Amino acid sequence: MAKMQYLLVKFGWMILTIFIITAITFMIFNIFPEANISAVCGKPCSVQDYQDTRHLMGLDVPLWEQFWNFLQGIFVGRSFGGEAAAAAAITCSAPCLGYSFLLNQSVTDLVVDRMGVTVSIAIVAAVMWLILGIGLGLVAAVKQGKWQDKLIQGLEVVSI
């Protein structure tokens, strides 16, 4: 029973950590919503076009409601544009991480499309890290206390 309680506590902390990271990330991307509205609206942007774009992007509701819509979109999908503009609404099926109005594509689709390149870069970086780490570690171990060891330790601190 103690192990189950331990796992439940760890699971609770994991959920809380994910929620906090999600909230911080959401806040970072919503610090300056006007820049996003201006980019989507275009250069000659009338006040009405600006307001319409703001509504389409869902930025005309309070920040807490925007965050709730974002979280809800991850689990059940969401639509942009509201009920009044149902014909012009953009739907994003779950899991919906958002919508790129500049590229007219779901953020989830954009992430999935680029996943292959990301994974290949991560694999190459891991292999390089492994080769360099073991190689330099061996040199530092063999030359312990000498200038080579100190240089490798210095490079390690700088690279971290």
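Caption draft 1: Structural view of the state of the cysteines. Taken as a whole, this structure holds 1 disulfide when the rule is applied. One disulfide bridge connects C92 with C96, the sulfur atoms lying 2.2 Å from each other. Torsion about the S-S bond of the C92 and C96 cystine: about 110°, corresponding to right-handed handedness. Under the relative-accessibility criterion, C92 is labelled buried at 4%.

Caption draft 2: Structural context of unusual backbone geometry. Along the chain, A94 connects to P95 via a cis peptide bond; the corresponding omega equals -5°. A positive phi angle, near 50°, is found at N104, a position not held by glycine. As for its position among the elements, N104 is in the loop between strand 3 (99-100) and strand 4 (105-106). With relative accessibility at 56%, the residue N104 sits in the exposed group.

Caption draft 3: Helix 1 (residues 2-29), seen in detail. In this model, helix 1 (28 residues) spans 41 Å end to end at C-alpha, consistent with the 40 Å of a helix rising 1.5 Å per residue. Here the buried face of helix 1 lies against helix 4 (63-76).

Caption draft 4: View of a nonpolar patch on the surface. Side chains of V9, W13, L16, F19, I20, I24, I28, F29, I31 and F32 sit close together on the surface and give an oily, nonpolar patch of about 1100 Å² of accessible area. As for its placement among the helices and strands, F29 is situated in helix 1. Residue classification places F29 among the exposed positions, given a relative accessible area of 61%.

Caption draft 5: Summary view of the nonpolar core. Ranked by size, the top nonpolar core spans 9 residues in total: I37, M57, L59, F80, I90, C92, C96, Y99 and F101. Those residues in contact with C92 that lie beyond four places of it in its chain are G77, R78, F80, G98 and S106.

The rules behind these values
- Residues numbered from 1 in each chain as written.
- Predicted model: local features only at pLDDT ≥ 70, side-chain atom pairs only at ≥ 80, totals over all residues.
- Heavy atoms only, no water.
- Disulfide = S-S within 2.5 Å.
- Buried < 20%, exposed > 50% of the residue type's maximum accessible area, 1.4 Å probe, protein only.
- Helix = DSSP H or I, 4+ residues; strand = E, 2+ residues; numbered from the N terminus.
- Expected span 1.5 Å × (residues − 1).
- Contact = heavy atoms within 4.5 Å.
- Patch = residues over 30% accessible without salt bridge, like charges linked within 9 Å, V, L, I, M, F, W, Y side chains within 5 Å.
- Areas by Shrake-Rupley, 256 points an atom, 1.4 Å probe, with all protein chains shown as cover.
- Salt bridge = Lys/Arg side-chain N within 4 Å of Asp/Glu carboxyl O.
- Core = buried A, V, L, I, M, F, W, Y, C linked by side-chain atoms within 4.5 Å.

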